[in-house]
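In case you want the letters, here they are:
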Amino acid sequence: MLERGIALLSIGLVAAFAWWLGLPAALSSHGSGAPVGDRAHPVRPIRPPTHDKATHDTATHDAPNDAGERGGVGVPRRAVRVTVVRLVDGDTLIVRSRVAVPGVLAAGETRVRLLEVDTPESVESGAPVECYAHRATAELARLAPPGSEVSVLPDLDLLDPYGRTLLYVWNARGDFVNLQLVRSGAAEAVLYEPNDRYIDVMRRAEAGARASGVGLWGRCDYFGQPA
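Residues numbered from 1 in each chain as written. Predicted model: local features only at pLDDT ≥ 70, side-chain atom pairs only at ≥ 80, totals over all residues. Heavy atoms only, no water.

**Student:** Help me understand the pairing of strand S2 (residues 92-97) in this model?
**Tutor:** Each regular strand carries side chains that alternate between the two faces of the sheet. In terms of residue burial, S2 counts as a mostly covered element, since 5 of its 6 residues are buried. Bridge count between strand S1 (residues 80-89) and S2: 5 bridges; the pairing is antiparallel. Across the sheet, the residue bridging to Leu87 is Leu93, located in S2. Between the antiparallel neighbours S1 and S2 lie 2 residues. With 6 bridges connecting them, S2 and strand S3 (residues 108-114) associate as antiparallel partners. Directly across from Leu93, in S3, lies its bridge partner Val112. (Buried < 20%, exposed > 50% of the residue type's maximum accessible area, 1.4 Å probe, protein only. Helix = DSSP H or I, 4+ residues; strand = E, 2+ residues; numbered from the N terminus. Pairing = 2+ DSSP bridges.)

**Student:** Just to check I follow, could you spell out the packing of aromatic side chains for this structure?
**Tutor:** We describe a pair of aromatic rings using the distance from one ring centre to the other and the angle between the two ring planes. Overall, the coordinates contain 6 aromatic pairs when judged by the stated rule. Taking 4.6 Å as the distance between ring centres and 10 degrees as the angle between the ring planes, the aromatic pair formed by Trp170 and Phe176 counts as stacked. Centre to centre, the rings of Trp170 and Tyr198 are 6.1 Å apart; their planes meet at 75 degrees, and the pair counts as edge-to-face. Here Trp170 is found in strand S6 (residues 165-171), whereas its partner Tyr198 is found in the loop between strand S7 (188-189) and helix H5 (199-212), with 28 residues between them in sequence. The exposure classification of Trp170 matches that of Tyr198, with both residues buried. Members of the aromatic cluster, joined through ring pairs, are Tyr168, Trp170, Phe176 and Tyr198. In this arrangement the basic side chain of Arg210 is found over the ring face of Trp217, its NZ or CZ atom lying 3.8 Å from the centre. (Phe/Tyr/Trp six-rings, centres within 6.5 Å; stacked < 30°, edge-to-face > 60°. Lys NZ or Arg CZ within 6 Å of the ring centre and 35° of its normal.)

**Student:** Quick question: what am I supposed to make of the state of the cysteines here?
**Tutor:** Where two cysteines share a covalent bond between their sulfur atoms, that bond is called a disulfide. Evaluation of the coordinates by the stated rule reveals 1 disulfide. Residue pairing for Cys131: its cysteine sulfur links by disulfide to Cys220, the two sulfurs lying 2.0 Å apart. Looking down the S-S bond of the Cys131 and Cys220 bridge, the torsion is -85 degrees, so its handedness is left-handed. Within this pair, whereas Cys131 is found in the loop between strand S4 (117-118) and helix H3 (133-143), its partner Cys220 is found in the segment after helix H6 (216-219), the two being separated by 89 residues in sequence. Here the two residues Cys131 and Cys220 agree in accessibility, since each one is buried. (Disulfide = S-S within 2.5 Å.)

Right, dumping it as structure tokens:
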């Protein structure tokens, strides 16, 4: 009986010792975040979506510096400075660059159509002047008067079907001209695919202008109404 008791006691001590040795290792494995069993998969960092086209990568991938800007979206670091020559209407202007900037504009004068906005027509051949068209042109003149310097930036597609250069524009004060036209009710937000860099903020600005009845939304029955 004594020998049997000693044997059982020995087995218990060995088991207890083995358990004691295994517990710290198990605790170390779980506490350090080491993968266990089927959870042993690599964790990949989440990255924000980006446009894949090379033109967008080279011209517009710099994040806007929008802290404290009155326009709501600051001037991107890669924006190119040009001079306003004259205005065509509320959403089209002529600018001049002293040098060619590949992927943006040529040297000399360039006809620029503002991206993601549309203003009432005032110069379309054979069509009547639309409600608020002249006021929209006056608003563009206030934001980007002839002779002033502005900063411009393309999106994915550089040209529209009419050969106009499609650009975002910021004035010397840092105001985002495209956005300010929408905020003031001088323009509506329009998506020109695939150029969608700022379309969300444009649409929010239009919703705010409509709700407040500013600009054309308080003076015209509908966008495009003949004057």
